[in-house]
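The lines below spell out each chain.
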Amino acid sequence: MMDAPTEPRRRRKAERPKEILEAAFEEFSRNGYAATTLDQVAERAGVTKGTIYVYFENKEHLFISMVQELTQATLDPVRDMFERHEGSTAELLRAQFSFIYQHIVEDRRRREVVRMLIAEAPRFPALADRYHDEIHRPCIELLKQAIQRGINRGEIRPSAVIDCPQVIIAPIALVDLWMMMFDDRHPLDLKAYFDAHLDLVLNGLLAKD
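Quick caveat, the model's predicted, so the values are computed rather than measured. (Residues numbered from 1 in each chain as written. Predicted model: local features only at pLDDT ≥ 70, side-chain atom pairs only at ≥ 80, totals over all residues. Heavy atoms only, no water.)

## Topic: the overall build of the protein
- Within the protein one finds 9 helices and 0 strands.
- Helices and strands appear in the protein in the N-to-C order α-α-α-α-α-α-α-α-α.
- The principal-axis extents of the C-alpha atoms in the protein amount to approximately 75 × 45 × 30 Å.
- Counting the 209 residues in the protein, one finds 38% classified as buried.
- In the protein, the proportion of contacts linking residues at least 24 apart, taken out of those at least 6 apart, comes to 69%.
- Total accessible area on the protein is roughly 12,100 Å²; 54% of this is exposed by carbon and sulfur atoms. (Helix = DSSP H or I, 4+ residues; strand = E, 2+ residues; numbered from the N terminus. Buried < 20%, exposed > 50% of the residue type's maximum accessible area, 1.4 Å probe, protein only. Contact = heavy atoms within 4.5 Å. Areas by Shrake-Rupley, 256 points an atom, 1.4 Å probe, with all protein chains shown as cover.)

Here it is as C-alpha cells:
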C-alpha cells in the first residue's frame, strides 16, 4: 500500500504554481515575452516543462496569470473599499488612490510588467487584449462605480468622465513612463505628485455647493 503524502510534500505541491509564476516573472523580465520559452521558466523553477502545463495552458496563459498575481493583491482591497465604504465619495476616492499609489505606482515589479506589455503589444495584440479584458477593464469598472456612487449621492456632478474615467487615472500612466525613462536622473516627488493628482481629480469631479 502506498504511503500517504507527507505534509511537507503537500505543502510543496501547493506552492508550486507561485514558484512557477515567480520564475516566469524573472525570465519574462530578462528576455521579454517573445524570447522567453517555457523550457527556460521550467529550468528556473526547478520543474519539468510538463509540470507547467499542469497549471497553465500555454505561455500566454502563464504571462497573464503572472500579471494577475502581481495585481490581484491590489485590486481586491480597492474593490473591498468600495463595497464597505460608508463615508463620502471624496473620502473613498482618496483612500483608493492612496492605496494605488502605495501598492501599484511604487511597485517596481508591476512597472516592469507594464514595460513588457508596451514593448510586446504591437507583435502580440492578443496578449494586450487579454490584459485589457482581465485586468485593465475591472479596474476601470471599479472607478466608474465609485464615480456613479458619488453622482447618485449628489456629491459628484454628472459629466463626461463617467463614460471615460481613463482621464482620471492618466497621471498614473505618466508616472510609469517617467520612472521608466527618467527616474535615475530626474526623480519625481511622489508625495507631491499624489497630492496634485488627487487635488485635480477631486476639484474636477465634486459638485459645487
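Past the structure itself, the notes keep going.
## Concerning the layout of surface pockets
- When its volume is computed, the largest pocket comes out at roughly 830 Å³.
- Looking at the largest pocket, it is lined by 31 residues, and the ones nearest its centre are Arg110, Tyr131, His136, Ile169 and Ile172.
- Of all the secondary structure elements, the ones that give two or more residues to the lining of the largest pocket are helix H4 (59-84), helix H5 (89-105), helix H6 (108-120), helix H7 (125-152) and helix H8 (166-182).
- Partitioned by chemical class, the residues of the lining of the largest pocket number 24 nonpolar, 5 polar and 2 charged. (1 Å grid on protein atoms, 1.4 Å probe; cavity = no way out; pocket = protein on both sides within 12 Å on 5 of 7 lines; lining within 4 Å. Points joined across faces, edges and corners; volume = space filled by probe spheres on them. Nonpolar A, V, L, I, M, F, W, Y, C, P; charged D, E, K, R; others polar.)

## A short note on the nonpolar core
- Judged by nonpolar contacts, the single largest core of 30 residues is most densely connected at Leu93, Phe97, Ile147, Ile168 and Leu205.
- Every element with two or more residues in this core is listed here: H4, H5, H7, H8 and helix H9 (190-205).
- Here this core takes 9 residues from H5, the largest share from any one element.
- Apart from the residues within four sequence positions on either side, Ile168 is in contact with Phe97, Leu143, Ile147, Val161, His197, Val201 and Leu205.
- Membership of the second largest hydrophobic core comes to 25 residues, among which are Tyr33, Leu38, Ile64 and Met66. (Core = buried A, V, L, I, M, F, W, Y, C linked by side-chain atoms within 4.5 Å.)

## What to know about the pattern of salt bridges
- Counted by the stated rule, this structure contains 15 salt bridges.
- One salt bridge in this structure joins Arg109 and Glu22, with 2.8 Å as the shortest N-O distance. Of this pair, Arg109 sits in helix H6 while Glu22 sits in helix H1 (residues 7-31), and the two are 87 residues apart along the sequence.
- For the salt bridge of Arg137 with Asp133, the shortest nitrogen-to-oxygen distance reads 3.3 Å. (Salt bridge = Lys/Arg side-chain N within 4 Å of Asp/Glu carboxyl O.)

## A look at the packing of H6 against H8
- Between H6 and H8, the shortest axis-to-axis distance is 10 Å and the interhelical angle comes to 90°. Taken together, the axes of H6 and H8 lie roughly perpendicular to each other. In contact with Arg110, Arg111, Val114, Arg115 and Ile118 of H6, H8 contributes Asp176, Leu177, Met179 and Met180.
- Classifying every residue of the contact of H6 with H8 gives 5 nonpolar, no polar and 4 charged. (Axes fitted to C-alpha atoms, helices over the stretch in contact; angles between N-to-C directions. Parallel < 35°, antiparallel > 145°, perpendicular 65-115°, else oblique.)

## Section: the environment of Phe182
- The residue Phe182 is located in helix H8 in this model.
- In this structure Phe182 comes out as partly exposed when scored by relative accessible area, which is 25%.
- With 16 residues separating them in the primary sequence, Phe182 and Gln166 have C-alpha atoms 24 Å apart.

## Some words on H9
- Its 16 residues give H9 an end-to-end C-alpha distance of 22 Å, which sits within 8% of 22 Å, the value for a rise of 1.5 Å per residue.
- Buried within H9 are the following residues: Leu190, Tyr193, Phe194, His197, Leu198, Val201, Leu202 and Leu205. Down the axis of H9, the sector holding all buried residues measures 155°, keeping them to one side.
- Looking at the packing, one finds that the buried side of H9 touches H5 and H8.
- Residue Asp189 occupies the N-cap position of H9, its side-chain oxygen lying 3.2 Å from the main-chain nitrogen of Lys191. (Expected span 1.5 Å × (residues − 1). Arc of directions from axis to C-beta. Polar contact = N/O pair within 3.5 Å; in protein donor to acceptor, adjacent residues only side chain to side chain.)

Everything listed is a geometric property; what it means functionally is a separate question.
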